[in-house]
Each structure stands twice: as structure tokens, then as C-alpha cells.
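# Descriptive analysis of the structure
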Amino acid sequence: SDLQSKVATLETEVAKAVAYSTSCASKLSNRETLFNGKVVELAECHVMVQELRDSLTRVSNEALGKDNELMLLHSQTKDLLADFEALKSESEQRAVTAEHG
């Protein structure tokens, strides 16, 4: 009877231990699922950051291209202005020559 009582107590303790172990395994599984979800989110964020970096590089290169176009236009405008001044000067000289001639 005493032995049966000890066995019953041990069985109860084992059942409690198994239940606790199962509970821990379940919690661990849930945490692992959450962790894997976070890993996936992190990977998606990494991809988005990479895409943003690529976009930024593209925009920066486009801006650089526009800047170069602007400098070229500026240079061409200066050349045209110089040509215009030369033509104006030449035309004024012809007018003066025509008046005197």
C-alpha cells in the first residue's frame, strides 16, 4: 500500500513533468515561429534598403548627367554670345564704313 502510494505520487510527478515539458516545447515552437517571421521581415527590409540604395544611385547619376548637360549648355551659350558680339561689332564697323564710303 505504501509502495502503491509512492508509485502514484511518482506517476503524478512524471505527468506534471511531461505536461511542463510539453508546455515548454510549445512555447519554444511559438518563439521559433516568431523568430523565423522576424528573420523574413529583416530579409525583406534588407531587399528594400538595397532597392532604395539602387534608386538613390540612379537618381544621383541622373543628376550628375543633368549637371554635365547644364555645364555644356552654359559653355555653348557663352560661345554663342561671343559669336553674337563679334557679328554685332562687325556689323557696326560695316555701317560706319558705309557711312564714310
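These lines cover the structure that appears in this document, whether it is placed above or below. (Residues numbered from 1 in each chain as written. Predicted model: local features only at pLDDT ≥ 70, side-chain atom pairs only at ≥ 80, totals over all residues. Heavy atoms only, no water.)

### A look at the overall build of the protein chain
Along the backbone of the protein chain there are 1 helix and 0 strands. Relative to its length of 101 residues, the protein chain is extended, with a C-alpha radius of gyration of 43 Å against a globular reference of 13 Å. The dimensions of the protein chain, computed from C-alpha atoms along their principal axes, are 150 × 10 × 10 Å. Accessible area of the protein chain: about 9,400 Å², with a carbon and sulfur share of 63%. (Helix = DSSP H or I, 4+ residues; strand = E, 2+ residues; numbered from the N terminus. Rg over C-alpha atoms; globule rule 2.2 N^0.38 Å. Areas by Shrake-Rupley, 256 points an atom, 1.4 Å probe, with all protein chains shown as cover.)

### Thoughts on the pattern of salt bridges
Where side chains of opposite charge bring their charged atoms close, a pairing between them can arise. Summed over all chains, the structure comprises 2 salt bridges. Between E13 and K16 there is a salt bridge, and its shortest N-O distance comes to 4.0 Å. Highlighted residues: E13 and K16, both in helix α1 (residues 2-100), separated by 3 residues, approximately one helical turn. With a relative accessible area of 53%, K16 lands in the exposed category. A salt bridge links E90 to R94; the shortest N-O distance between them is 3.0 Å. Within this pair, E90 and its partner R94 are both found in helix α1, separated by 4 residues, close to a single helical turn. (Salt bridge = Lys/Arg side-chain N within 4 Å of Asp/Glu carboxyl O. Buried < 20%, exposed > 50% of the residue type's maximum accessible area, 1.4 Å probe, protein only.)

### Topic: the environment of V47
Examined against the element boundaries, V47 turns out to sit in helix α1. Judged by its relative accessible area of 44%, V47 falls in the partly exposed class. The sequence separation of V47 and T33 amounts to 14 residues, and the corresponding C-alpha distance is 21 Å.

### Here's the deal with the environment of V40
Residue position: V40 is located in helix α1. Taking the C-alpha atoms as reference points, V40 and N68, 28 residues apart in sequence, are found 42 Å from one another.

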